[in-house]
Amino acid sequence: MTRSRRAGLATAALVLLLSLLQTAGAVQSEDGDDQALLADADYAAGRAALKAGDAAAALPRLQAALKRFPEAADMHNELGFAHRKLRQMDKAFEHYKRALAIKPDHRGAHEYIGEAYLMVDDLAGAERHLSALRALCPLPCDELKDLENAIAEFAGLSARLGAAQSLGFLGLVSLSLGLLNLLPVPVLDGGHLLYYSA
(Lines give C-alpha, C1' and ligand atoms only; values in the text may rest on other atoms or scores of the structure.)
Protein backbone atom coordinates (compact mmCIF):
# COMPACT_ATOMS: atom_id res chain seq x y z
CA MET A 1 0.00 0.00 0.00
CA THR A 2 1.44 3.34 -0.93
CA ARG A 3 2.14 6.05 1.53
CA SER A 4 -0.41 8.44 -0.04
CA ARG A 5 -3.12 5.76 0.03
CA ARG A 6 -2.48 5.08 3.74
CA ALA A 7 -2.67 8.79 4.44
CA GLY A 8 -5.97 9.00 2.53
CA LEU A 9 -7.42 6.08 4.50
CA ALA A 10 -6.25 7.56 7.78
CA THR A 11 -7.86 10.90 6.89
CA ALA A 12 -11.13 9.19 5.94
CA ALA A 13 -11.10 7.24 9.20
CA LEU A 14 -10.45 10.41 11.17
CA VAL A 15 -13.31 12.25 9.41
CA LEU A 16 -15.64 9.32 10.10
CA LEU A 17 -14.60 9.23 13.76
CA LEU A 18 -15.15 12.98 14.17
CA SER A 19 -18.59 12.81 12.56
CA LEU A 20 -19.57 9.95 14.87
CA LEU A 21 -18.42 11.94 17.89
CA GLN A 22 -20.39 15.00 16.76
CA THR A 23 -23.50 12.84 16.26
CA ALA A 24 -23.06 11.33 19.72
CA GLY A 25 -22.66 14.82 21.15
CA ALA A 26 -25.87 15.93 19.45
CA VAL A 27 -27.75 12.98 20.91
CA GLN A 28 -26.41 13.71 24.37
CA SER A 29 -27.40 17.36 23.99
CA GLU A 30 -30.92 16.35 22.91
CA ASP A 31 -31.18 13.91 25.81
CA GLY A 32 -29.98 16.67 28.14
CA ASP A 33 -32.67 18.99 26.77
CA ASP A 34 -35.29 16.28 27.32
CA GLN A 35 -34.12 15.81 30.90
CA ALA A 36 -34.25 19.55 31.55
CA LEU A 37 -37.77 19.71 30.11
CA LEU A 38 -38.93 16.79 32.25
CA ALA A 39 -37.44 18.45 35.33
CA ASP A 40 -39.21 21.76 34.64
CA ALA A 41 -41.88 22.44 37.30
CA ASP A 42 -44.33 24.11 34.91
CA TYR A 43 -44.02 21.36 32.32
CA ALA A 44 -44.49 18.66 34.97
CA ALA A 45 -47.54 20.46 36.43
CA GLY A 46 -49.03 20.92 32.96
CA ARG A 47 -48.61 17.25 32.12
CA ALA A 48 -50.12 16.24 35.47
CA ALA A 49 -53.14 18.48 34.82
CA LEU A 50 -53.56 16.94 31.35
CA LYS A 51 -53.35 13.47 32.84
CA ALA A 52 -56.07 14.46 35.32
CA GLY A 53 -58.22 15.68 32.41
CA ASP A 54 -57.93 19.39 33.23
CA ALA A 55 -56.68 20.97 29.99
CA ALA A 56 -57.71 24.46 31.14
CA ALA A 57 -55.37 24.23 34.13
CA ALA A 58 -52.61 22.64 32.05
CA LEU A 59 -52.51 25.34 29.39
CA PRO A 60 -51.02 28.26 31.41
CA ARG A 61 -48.38 25.99 32.96
CA LEU A 62 -47.36 24.61 29.58
CA GLN A 63 -47.27 28.12 28.09
CA ALA A 64 -44.97 29.23 30.91
CA ALA A 65 -42.65 26.28 30.20
CA LEU A 66 -42.73 27.09 26.47
CA LYS A 67 -40.88 30.35 27.20
CA ARG A 68 -37.93 28.29 28.47
CA PHE A 69 -38.22 25.48 25.89
CA PRO A 70 -39.43 27.01 22.63
CA GLU A 71 -37.73 24.36 20.49
CA ALA A 72 -38.85 21.24 22.39
CA ALA A 73 -41.05 19.00 20.24
CA ASP A 74 -42.61 17.36 23.32
CA MET A 75 -43.53 20.82 24.63
CA HIS A 76 -45.41 21.68 21.43
CA ASN A 77 -47.05 18.26 21.35
CA GLU A 78 -48.43 18.71 24.88
CA LEU A 79 -49.61 22.24 24.05
CA GLY A 80 -51.34 20.90 20.95
CA PHE A 81 -53.04 18.25 23.08
CA ALA A 82 -54.25 20.84 25.62
CA HIS A 83 -55.64 23.09 22.89
CA ARG A 84 -57.32 20.10 21.20
CA LYS A 85 -59.01 19.10 24.44
CA LEU A 86 -60.27 22.68 24.75
CA ARG A 87 -61.48 22.50 21.11
CA GLN A 88 -59.14 25.30 20.08
CA MET A 89 -58.28 23.50 16.88
CA ASP A 90 -56.28 26.22 15.10
CA LYS A 91 -53.86 26.48 18.03
CA ALA A 92 -53.74 22.69 18.34
CA PHE A 93 -52.74 22.29 14.70
CA GLU A 94 -50.18 25.09 15.05
CA HIS A 95 -48.41 23.31 17.92
CA TYR A 96 -48.62 19.83 16.40
CA LYS A 97 -47.13 21.11 13.14
CA ARG A 98 -44.37 22.88 15.07
CA ALA A 99 -43.59 19.67 16.97
CA LEU A 100 -43.31 17.79 13.68
CA ALA A 101 -41.17 20.54 12.14
CA ILE A 102 -38.76 20.20 15.07
CA LYS A 103 -38.87 16.41 15.14
CA PRO A 104 -40.48 14.84 12.04
CA ASP A 105 -40.40 11.35 13.57
CA HIS A 106 -42.33 12.37 16.72
CA ARG A 107 -44.81 9.50 16.97
CA GLY A 108 -46.99 11.17 19.61
CA ALA A 109 -47.43 14.29 17.47
CA HIS A 110 -48.38 12.16 14.46
CA GLU A 111 -51.01 10.34 16.52
CA TYR A 112 -52.45 13.47 18.11
CA ILE A 113 -52.59 15.54 14.93
CA GLY A 114 -54.29 12.59 13.22
CA GLU A 115 -56.92 12.55 15.97
CA ALA A 116 -57.29 16.33 15.62
CA TYR A 117 -57.95 15.93 11.90
CA LEU A 118 -60.74 13.48 12.75
CA MET A 119 -62.27 16.08 15.07
CA VAL A 120 -62.59 18.47 12.11
CA ASP A 121 -63.90 15.68 9.83
CA ASP A 122 -60.71 15.46 7.75
CA LEU A 123 -60.22 11.72 7.31
CA ALA A 124 -57.59 12.22 4.58
CA GLY A 125 -55.47 14.32 6.96
CA ALA A 126 -55.68 11.63 9.63
CA GLU A 127 -54.75 8.93 7.14
CA ARG A 128 -51.63 10.88 6.06
CA HIS A 129 -50.35 10.73 9.63
CA LEU A 130 -51.37 7.08 9.93
CA SER A 131 -49.13 6.40 6.91
CA ALA A 132 -46.30 8.30 8.59
CA LEU A 133 -46.74 6.21 11.73
CA ARG A 134 -46.69 3.00 9.70
CA ALA A 135 -43.33 4.07 8.30
CA LEU A 136 -42.03 4.99 11.78
CA CYS A 137 -43.29 1.82 13.48
CA PRO A 138 -42.18 -1.30 11.57
CA LEU A 139 -43.59 -3.23 14.51
CA PRO A 140 -46.93 -1.86 15.73
CA CYS A 141 -46.48 0.85 18.35
CA ASP A 142 -49.09 2.30 20.72
CA GLU A 143 -49.43 5.52 18.71
CA LEU A 144 -50.11 3.56 15.52
CA LYS A 145 -52.69 1.34 17.22
CA ASP A 146 -54.43 4.31 18.85
CA LEU A 147 -54.72 6.25 15.58
CA GLU A 148 -55.90 3.15 13.70
CA ASN A 149 -58.61 2.64 16.33
CA ALA A 150 -59.65 6.31 16.20
CA ILE A 151 -59.93 6.17 12.40
CA ALA A 152 -61.91 2.92 12.52
CA GLU A 153 -64.27 4.42 15.09
CA PHE A 154 -64.64 7.58 13.00
CA ALA A 155 -65.33 5.56 9.84
CA GLY A 156 -67.88 3.40 11.66
CA LEU A 157 -69.63 6.45 13.05
CA SER A 158 -69.70 8.07 9.61
CA ALA A 159 -71.16 4.90 8.12
CA ARG A 160 -73.84 4.70 10.83
CA LEU A 161 -74.71 8.38 10.37
CA GLY A 162 -74.78 7.92 6.59
CA ALA A 163 -77.13 4.94 6.88
CA ALA A 164 -79.42 6.80 9.28
CA GLN A 165 -79.57 9.82 6.98
CA SER A 166 -80.31 7.59 3.97
CA LEU A 167 -83.12 5.81 5.81
CA GLY A 168 -84.56 9.16 6.92
CA PHE A 169 -84.55 10.40 3.33
CA LEU A 170 -86.24 7.21 2.09
CA GLY A 171 -88.90 7.59 4.80
CA LEU A 172 -89.55 11.18 3.70
CA VAL A 173 -89.90 10.12 0.04
CA SER A 174 -92.26 7.30 1.01
CA LEU A 175 -94.42 9.62 3.11
CA SER A 176 -94.51 12.18 0.30
CA LEU A 177 -95.61 9.56 -2.23
CA GLY A 178 -98.30 8.29 0.13
CA LEU A 179 -99.72 11.79 0.58
CA LEU A 180 -99.52 12.44 -3.16
CA ASN A 181 -101.51 9.25 -3.81
CA LEU A 182 -104.36 10.51 -1.60
CA LEU A 183 -104.91 13.60 -3.75
CA PRO A 184 -108.08 13.38 -5.88
CA VAL A 185 -106.31 13.44 -9.23
CA PRO A 186 -107.83 10.89 -11.64
CA VAL A 187 -104.54 9.31 -12.67
CA LEU A 188 -103.43 8.81 -9.08
CA ASP A 189 -104.78 6.24 -6.62
CA GLY A 190 -106.66 8.92 -4.67
CA GLY A 191 -108.62 9.78 -7.79
CA HIS A 192 -109.80 6.18 -8.10
CA LEU A 193 -110.91 6.17 -4.46
CA LEU A 194 -113.01 9.27 -5.09
CA TYR A 195 -114.50 7.69 -8.24
CA TYR A 196 -115.47 4.46 -6.44
CA SER A 197 -116.95 6.24 -3.41
CA ALA A 198 -119.35 8.33 -5.56
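Residues numbered from 1 in each chain as written. Predicted model: local features only at pLDDT ≥ 70, side-chain atom pairs only at ≥ 80, totals over all residues. Heavy atoms only, no water.

S.K.: So, helix α3 (residues 55-68): which residues are in play, and what are the values?
M.R.: In a regular helix each residue adds 1.5 Å, so 14 residues correspond to 20 Å; α3 covers 20 Å between its end C-alpha atoms and thus fits that length. Buried-residue contacts for α3 involve α2 (41-51) and α4 (73-85). (Helix = DSSP H or I, 4+ residues; strand = E, 2+ residues; numbered from the N terminus. Expected span 1.5 Å × (residues − 1). Contact = heavy atoms within 4.5 Å.)

S.K.: Mind laying out the confidence of the model for the protein chain, listing which residues take part and the relevant values?
M.R.: When pLDDT is averaged along the protein chain, the result is 79, and 62% of the positions lie at 70 or above. The low-confidence segment residues 13-30 (pLDDT under 50) makes 1 contact with residues lying over four places distant or belonging to another chain. (pLDDT = per-residue confidence, 0-100.)

S.K.: Requested: an account of the side chain of E115, with residues and values cited.
M.R.: Within the element layout of this structure, E115 appears in helix α6 (residues 107-119). Residue contacts for E115: discarding those within four places in its chain leaves R84, D146, L147 and A150.

S.K.: Give a description of the packing of aromatic side chains that names residues and reports values.
M.R.: To describe a pair of aromatic rings, you give the distance between the ring centres and the angle between the ring planes. Applying the stated rule across the entire model yields 3 aromatic pairs. Where F81 meets Y112, the ring centres are 4.8 Å apart and the plane angle is 35°; that geometry is what we call tilted. A residue pair is termed long-range when its members are at least 10 positions apart, and F81 in helix α4 and Y112 in helix α6 qualify at 31 residues. Both rings, one in F93 and one in Y117, keep their centres 4.7 Å apart while their planes meet at 45°; by these two values the pair is tilted. Within this pair, whereas F93 is found in helix α5 (residues 89-102), its partner Y117 is found in helix α6, the two being separated by 24 residues in sequence. Classification of F93 as buried rests on a relative accessible area of 11%. Judged by relative accessible area, which is 10%, Y117 ranks as buried. Ring-pair connections join several aromatic residues into one group, and the members of that group are F81, Y96 and Y112. Over the ring of Y117 we find R128, and its NZ or CZ is 5.6 Å from the ring centre. (Phe/Tyr/Trp six-rings, centres within 6.5 Å; stacked < 30°, edge-to-face > 60°. Buried < 20%, exposed > 50% of the residue type's maximum accessible area, 1.4 Å probe, protein only. Lys NZ or Arg CZ within 6 Å of the ring centre and 35° of its normal.)

S.K.: Tell me what's going on with the nonpolar core, and back it up with residues and numbers.
M.R.: For soluble globular proteins, nonpolar side chains are generally found buried alongside one another. L50, L62 and M75 are the most contacted members of the largest nonpolar core, which has 36 residues in total. Of all elements in the fold, only α2, α3, α4, α5, α6, α7 (123-136) and α8 (142-182) reach the threshold of two or more residues within this core. With 6 residues, the top contributor of residues to this core is α5. Contacts of M75, omitting those with residues within four sequence positions, involve L37, Y43, L62, A65, L66 and F69. (Core = buried A, V, L, I, M, F, W, Y, C linked by side-chain atoms within 4.5 Å.)

S.K.: Account for the packing of α3 against α4, naming residues and giving values.
M.R.: Pairs of packed helices are described in terms of their axes, by the angle between the two and the distance that separates them. Put simply, α3 and α4 touch, their axes get as near as 9 Å, and they point 150° apart. What the angle tells us is that α3 and α4 run roughly antiparallel. The hand of the α3/α4 crossing is left-handed. Every residue of α4 that contacts α3 at A55, L59, L62, Q63, A65 and L66 is listed here: M75, H76, E78, L79, A82, H83 and K85. A breakdown of the residues in the contact of α3 with α4 according to their chemical character gives 8 nonpolar, 3 polar and 2 charged. (Axes fitted to C-alpha atoms, helices over the stretch in contact; angles between N-to-C directions. Parallel < 35°, antiparallel > 145°, perpendicular 65-115°, else oblique. Left-handed = near helix turned anticlockwise from the far one by under 90°. Nonpolar A, V, L, I, M, F, W, Y, C, P; charged D, E, K, R; others polar.)

S.K.: Could you give me a rundown of unusual backbone geometry, with the residues and numbers involved?
M.R.: Despite not being glycine, R87 shows a phi value in the positive range, around 60°. Within the secondary structure, R87 sits in the loop between α4 and α5. Exposure remark for R87: the relative accessible area of 61% places this residue in the exposed category. Despite not being glycine, D121 has its phi angle at roughly 60°, a positive value. Within the secondary structure layout, D121 lies in the loop between α6 and α7.

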